[in-house]
Amino acid sequence: MTLIDRLVENPYTFHYLRKIAEANYRATKRRMLDLLDPDAPTLDLGCGTGEFAPLFRAEGYVGIDISLPYLRFAKRRMPRYGFALAQGQELPLADGSVGQVLINGVLHHLGEELARRLVGEARRVLRSGGRLLLIEDIEPERPPLTTRLIHAMDAGEHIRARQDYPDLLEGDLEIEREEEYRSGLCVYGLWLARRR
Ligand SMILES: C[S@@+](CC[C@H](N)C(=O)[O-])C[C@H]1O[C@@H](n2cnc3c(N)ncnc32)[C@H](O)[C@@H]1O
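Attention here is on the structure that accompanies the text. Each chain carries its own residue numbering, running from 1 in the written order of its sequence. For this predicted model, a pLDDT threshold of at least 70 governs which residues receive local features, and a threshold of 80 or more governs which side-chain atom pairs are given and counted, while totals over whole chains, interfaces and linings are taken from all residues. Note that water and hydrogens are dropped before the side-chain values are worked out from all heavy atoms of the structure.

### Quick word on the environment of Leu134
A run of DSSP states H or I qualifies as a helix once it reaches four residues; a run of E qualifies as a strand once it reaches two. Both are numbered from the N-terminal end. Relative to the elements of secondary structure, Leu134 occurs in strand 5 (residues 126–137). Between the C-alpha atoms of Leu134 and Leu102, which are 32 residues apart in sequence, the distance is 6.2 Å. Leu134 has contacts with Ile103, Leu107, Tyr165, Leu169, Gly189, Leu190 and Trp191, leaving out every residue within four places of it along the chain. Should any heavy atoms of two residues lie within 4.5 Å, those residues are counted as being in contact.

Here is the structure:
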């Protein structure tokens, strides 16, 4: 296991190093607040250490992740919020039971088949008319040195080009907005889709 693997595995170093690299997520949080409803029942799919939970009402929020250390870290800091250990590609939630889904920085860890299954589950649990906000690291055409460094350190082995993402949001997800933006040292693609 490399030093980077160890730093990523530990919830404290994962949480605080990312916060520094992302300039406290100012650009990302502004977009989440603009595009999602803080009061709607929200699924934060691949929630990690729950950085974005406080943007939403505690009673309506559930964060799901495969990392128990991350979830424990999140629950200790935010006991009123719901966090559960589950695979994003097999969600323990009923069809149409969620008002909106946030997927931030998860798909670039997953290969094609797993990524499609995870998005398929997000679509299944999303109510008709509900919104899915997907934000992912992208590989810009001419990446600056900082982006190349971050990507070299990132545990995500499937960083895709911006144009590869819409294809993952297939079927009854209609893309309403798409943009590229910078968050600290990182470059992100954002897609807001509405379930028909
Ligand atoms: C880069 S982190 C992003 C965490 C959080 N969304 C954030 O932005 O702070 C990626 C997260 O996806 C989780 N993850 C990876 N594969 C997953 C899967 N199949 N189902 C659910 N979560 C997964 C990881 O455990 C990790 O917490």
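We are not done yet, so read on.
### Examining the pairing of strand 6 (residues 173–183)
Whether two strands pair comes down to DSSP finding at least two bridges between them. Bridge count between strand 6 and strand 7 (residues 186–195): 10 bridges; the pairing is antiparallel. Bridge pairing in strand 7 places Leu173 opposite Arg195. The turn linking strand 6 back onto strand 7 is made up of two residues, and Gly184 within it adopts a positive phi angle of 60°.

### Things to note about the nonpolar core
Core analysis: the largest hydrophobic core is formed by 27 residues, its most contacted members being Leu43, Leu45, Val101, Ile103, Leu107, Leu132 and Leu169. Mapped onto this core, the elements with two or more residues apiece are strand 1 (42–45), strand 4 (98–104), helix 5 (112–125), strand 5 and strand 7. Broken down by element, this core gets its largest block of residues, five residues, from helix 5. Apart from the residues lying within four places of it in its own chain, the contact partners of Leu169 are Val119, Leu132, Leu134, Ile175, Trp191 and Ala193. For our purposes a nonpolar core is just a set of buried Ala, Val, Leu, Ile, Met, Phe, Trp, Tyr and Cys residues, chained together by side-chain atoms within 4.5 Å. Partly exposed describes any residue whose relative accessible area lies between the buried limit of under 20% and the exposed limit of over 50%, with all areas from a 1.4 Å probe on protein chains only and scaled to the type maximum.

### A short note on the site of the ligand
For the ligand, the set of nearby residues contains 20 residues, the closest of which are Arg18, Gly46, Asp65, Gly88 and Asn104. N or O atoms within 3.5 Å of each other form a polar contact, as long as, within protein, one can give a hydrogen and the other can take it, and as long as residues adjacent in sequence are counted only when both atoms are side-chain atoms. The side chain of Asp65 places a nitrogen or oxygen atom 2.6 Å from an oxygen atom of the ligand. Here a nitrogen atom of the ligand sits 2.8 Å away from a polar atom, N or O, in the main chain of Gly88. When the ligand sits alone it has 600 Å² of accessible area, and the protein chains cover 93% of it. Of the residues that constitute the shell around the ligand, the class distribution is nine nonpolar, nine polar and two charged. Any residue with a non-hydrogen atom lying within 4 Å of a molecule or strand is treated as near it. The method behind every accessible area is Shrake-Rupley, applied with a 1.4 Å probe, and residues are considered shielded solely by the protein chains displayed. Polar here means any residue outside two lists: the nonpolar Ala, Val, Leu, Ile, Met, Phe, Trp, Tyr, Cys and Pro, and the charged Asp, Glu, Lys and Arg; Gly therefore counts as polar.

### Comments concerning the packing of aromatic side chains
Ring geometry is summarised as follows: Phe, Tyr and Trp rings, the Trp one being its six-membered ring, pair when their centres sit within 6.5 Å, and such pairs are stacked at plane angles under 30 degrees, edge-to-face over 60 and tilted between the two. Counted under the stated rule, the structure contains nine aromatic pairs. A centroid spacing of 5.6 Å and a plane angle of 70° characterise the contact between Tyr61 and Phe83, whose relative ring orientation is edge-to-face. You can see Tyr61 sitting in strand 2 (residues 61–65) and its partner Phe83 sitting in strand 3 (residues 82–85), a full 22 residues away along the chain. These aromatic residues form a ring-pair network of at least three members: Phe56, Tyr61, Tyr81 and Phe83. Look at NZ for Lys and CZ for Arg. If either is within 6 Å of the ring centre and within 35 degrees of the ring normal, a charge sits over the ring. It is Arg31 that lies over the ring of Tyr181; its NZ or CZ is 4.0 Å from the centre.

### Describing the side chain of Gln89
Along the polypeptide, Gln89 turns up in the loop between strand 3 and strand 4. Gln89 sits in the buried class, given a relative accessible area of 14%. In terms of polar contacts, Gln89 uses its side chain to reach the side chain of Gln87, at 2.8 Å. What Gln89 contacts, discounting residues up to four positions off in sequence, is Leu114, Arg117, Leu118 and Glu121.

### Here we look at helix 4 (residues 68–77)
Burial in helix 4 covers these residues: Tyr70, Leu71, Phe73 and Ala74. Viewed along the axis of helix 4, the buried residues span an arc of 160°, placing them on a single side of the element. Within helix 4, the exposed residues directed more than 90 degrees away from the buried face are Arg72 and Arg76. Where helix 4 is buried, its residues touch helix 1 (3–9), helix 2 (11–21), strand 2 and strand 3. The directions considered for the arc run from the helix axis to the C-beta atoms.

### Some points on the side chain of Ser183
Along the polypeptide, Ser183 turns up in strand 6. Residue classification places Ser183 among the buried residues on the basis of a relative accessible area of 0%. In this view, Ser183 contacts Ala21, Glu22, Tyr25, Ala27, Thr28 and Tyr188; residues no more than four positions away in its chain are not counted.

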